[in-house]
Structure formats: C-alpha cells, structure tokens
Amino acid sequence: MSFSKWIGGALGWSFGGPIGAIIGLAIGSVIDAMANGGDNPLIGERTSTRGRRTTYSTRTKQRAQTQSGDFEVSLLILASIVIKADGKQDQRELDFVRQQFVNMYGKERANHAFKLFKGISRQNISVRPVCLQIRQMMDHPSRLQLIHFLFGIAKADGTVTQDEERQIYTITGYLGISSKDYESIKAMFYSSKDNAYKILEIDKNASVVEIKKAYRKMAKKYHPDRVIHLGKEHQEGAEEKFRQVQEAYEQLQKELRF
C-alpha cells in the first residue's frame, strides 16, 4: 500500500480544522522527502486545470462515532506533544509509539504513520485548538483511550516526568475529561497503596456497598465494547484498562475481605 493510499483510507474528519492544517504540512514534508513525489493526488486536495492544488477544507462535520483513522491521527499529534513536553524526544518513547502502532496496525501501516509523525513532530503545535477539535468530533470512550495511551508513552522511559504529567493533564482538560477520570487512568501507571481506590474513583473511606457500585460503574465505563467502533486494533488497550479495574476491585476484596 502506498503512502497516499494509506492517507486516503485513514483520514476522515481529521482533515478539517487545525488538525487538517497540521496534517497538510506533515504530508507536504513527506511528499518532499519521497522520490518523484509518490502517488498523487492525496485525499482532501484536488488538482485544478492550472495544476494547482486547493487548500484543505476547514469545515468539520459532527460524527456519532470516531473512525480508526481519525483516532490514529489524533494519537500521532498528541503523542508528539507529550514526547516533547520535557524538552527532548527520548528514543524509548519513540520506540514505544512505533511498537504500539506495529501491534495495532501491522508493520506497513505503522511505517506510513511514522512518516506522518516525523512531519508532525517538526511543528510547533498549539494544544488547545487541536484538543477542542478532537473533543467536538470524538466520543468520550475514545478520548479516554487517548489519555491511557499518552500515559503509556510518557512511562515508556521508566518514569513520567512532571512536565509530561502536566502536559497530559492540560490535554485532559481541553478534551473535556473529568479530573476523576484523569486520576483513574493516571493511577494505572503508578505504584501506590491508594491506587485501587483512585482507579475506581472512590474515597479510601468508601463502604463495601460503595466499592461494589463503583466497580460496576467503572467496568461499564472502561469496557472494551465502548471502543469497538475503532476496530479490533484498539481492543488491546481498552482491555488493559478494563483489566486494571478488575484487579483494583479484587485487591480491595482481599484487603477488606468481602
């Protein structure tokens, strides 16, 4: 599959608005680097009778469900922001992103994604408008999945720095995700005796009844079926969140003996 065919099959609403501008610049850098320009035209542009291409549309249409390609592009952009949050690009973080893309999409599609990622990572991206577009167009379960992935990237080098944590927190707010959901996902990447409570979004003084109720709520929120529309390639990440909710509940069961 050529790069331009991958672009054509991967992108939908993400070609509009500020994300469209970022992707447009990234594609330009990829095409410049490809011998003889590769296969053209690309999705979102057409050649006029004078041989000039029109600009990308900035119109966005509201969608009920996010498609795999739009999630993929949103992930690439936000990953580039988080990786640069501490002022450097750690190779372990880059390797983590690449490996996750290989696991999810296969080697060929992952290679295409990283051609785009290189073009994205060279840009100075304004976080707020990008996140607001994602918030408008992407359903809540998919946004939660994005945050989970971003913490995985930050932790890939062994620790989440304060700058990375601060950046993810900022992204979380712009994406319209609550602080409780943020703390729940964050707790999945830290070792603490209070983590089980944080993952289930409850206080340490919660009763057994409240713990059981919280477990049912979080199991429903993080159930892999909530992101089934993204395709089977994203089920592993969703299953990881769901598994950690189950483990948090089982831990409290043992500690409190109920």
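Residues numbered from 1 in each chain as written. Predicted model: local features only at pLDDT ≥ 70, side-chain atom pairs only at ≥ 80, totals over all residues. Heavy atoms only, no water.

- An unreviewed UniProt entry lists the protein under the name DnaJ like chaperone protein, with Hyunsoonleella jejuensis as the source organism.

**With respect to the nonpolar core**
- Counting 71 residues, the largest nonpolar core has Ile77, Leu78, Phe101, Ile120, Ile147, Ile171 and Leu200 as the members making the most contacts within it.
- Apart from residues lying up to four places away in sequence, Phe101 is in contact with Glu72, Leu75, Leu76, Gly106, Ala110, Ala113 and Phe149. (Core = buried A, V, L, I, M, F, W, Y, C linked by side-chain atoms within 4.5 Å. Buried < 20%, exposed > 50% of the residue type's maximum accessible area, 1.4 Å probe, protein only. Contact = heavy atoms within 4.5 Å.)

**With respect to unusual backbone geometry**
- Backbone geometry at Glu201 places phi at a positive 60 degrees, although glycine is not the residue there.
- Structurally, Glu201 can be placed in the loop between α10 (195-199) and α11 (208-221).
- In this structure Glu201 comes out as buried when scored by relative accessible area, which is 15%.
- Unlike most non-glycine residues, Arg257 shows phi in positive territory, near 55 degrees. (Helix = DSSP H or I, 4+ residues; strand = E, 2+ residues; numbered from the N terminus.)

**Here's the deal with the side chain of His148**
- Summarising the element assignment, His148 is placed in helix α7 (residues 140-155).
- Discounting chain neighbours no more than four positions away, the residues touching His148 are Ile185, Met188, Phe189, Gly237, Glu240 and Lys241.

**Side note on the environment of Gly17**
- Following the sequence through the fold, Gly17 ends up in helix α2 (residues 17-33).
- A C-alpha to C-alpha distance of 8.7 Å links Gly17 and Pro129, two positions 112 residues apart in sequence.

**Regarding a positive patch on the surface**
- On the surface, a cluster of positive charge is made up of Lys180, Lys212, Lys213, Arg216 and Lys217.
- Of all the elements, α11 adds the most residues to the positive patch, at 4 residues. (Patch = residues over 30% accessible without salt bridge, like charges linked within 9 Å, V, L, I, M, F, W, Y side chains within 5 Å. Areas by Shrake-Rupley, 256 points an atom, 1.4 Å probe, with all protein chains shown as cover. Salt bridge = Lys/Arg side-chain N within 4 Å of Asp/Glu carboxyl O. Lys, Arg positive; Asp, Glu negative; His and termini not counted. Charge placed at Lys NZ, Arg CZ, Asp CG, Glu CD.)

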